[in-house]
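Descriptive structure summary
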Amino acid sequence: MVVDKIALSLVIIGALNWLLVGLFQYDLVAGICGGAATVAARIIYAVVGIAGLWCISLLFRKCKNAQ
């Protein structure tokens, strides 16, 4: 499903951003958007969060090839 792949991609991007925060104390989203409190940054954080919620459903779906 296309939505699953988009959501997973956004979650991976969010995870890489957290890696940067953890290792280098640098928030890439805030750096690109001009700060963490800007509207653009908050939208990106929200979209990544929604993608994370969507990906929770991947844990509970049955695989099409499962018997």
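Turning to helix α1 (residues 2–24), a few remarks are in order. In this model, α1 (23 residues) spans 33 Å end to end at C-alpha, consistent with the 33 Å of a helix rising 1.5 Å per residue. Along α1, the residues that are buried comprise D4, A7, G14 and N17. Where α1 is buried, its residues contact α2 (28–33) and α3 (39–60). Downstream of α1 by one or two residues, Q25 has phi in the positive range, about 55°.

Once that is clear, we can look at the environment of A41. With respect to the secondary-structure elements, A41 resides in helix α3. The buried category is assigned to A41, whose relative accessible area is 0%. For the pair A41 and V29, spaced 12 residues apart in sequence, the C-alpha separation works out to 6.1 Å. When sequence neighbours within four positions are dropped, the list of residues in contact with A41 reads V29, C33, G35 and A36.

Following the sequence through the fold, N17 ends up in helix α1. Dropping the residues within four chain positions of it, N17 is found in contact with Y26, D27, L28, V29 and Y45.

So, on to α3. Relative to the 32 Å expected for 22 residues at 1.5 Å per residue, α3 spans 33 Å between its end C-alpha atoms, a close match to the ideal helical length. Listed as buried for α3 are A41, A51 and C55. Within α3, the buried residues cover an arc of 90° as seen down the axis, which keeps them to one side. For α3, the exposed residues set more than 90 degrees away from the buried face come down to V39, R42, I50, L53 and F60. Packing partners of the buried residues in α3 comprise α1 and α2.

Thresholds applied
Residues numbered from 1 in each chain as written. Predicted model: local features only at pLDDT ≥ 70, side-chain atom pairs only at ≥ 80, totals over all residues. Heavy atoms only, no water. Helix = DSSP H or I, 4+ residues; strand = E, 2+ residues; numbered from the N terminus. Expected span 1.5 Å × (residues − 1). Buried < 20%, exposed > 50% of the residue type's maximum accessible area, 1.4 Å probe, protein only. Contact = heavy atoms within 4.5 Å. Arc of directions from axis to C-beta.

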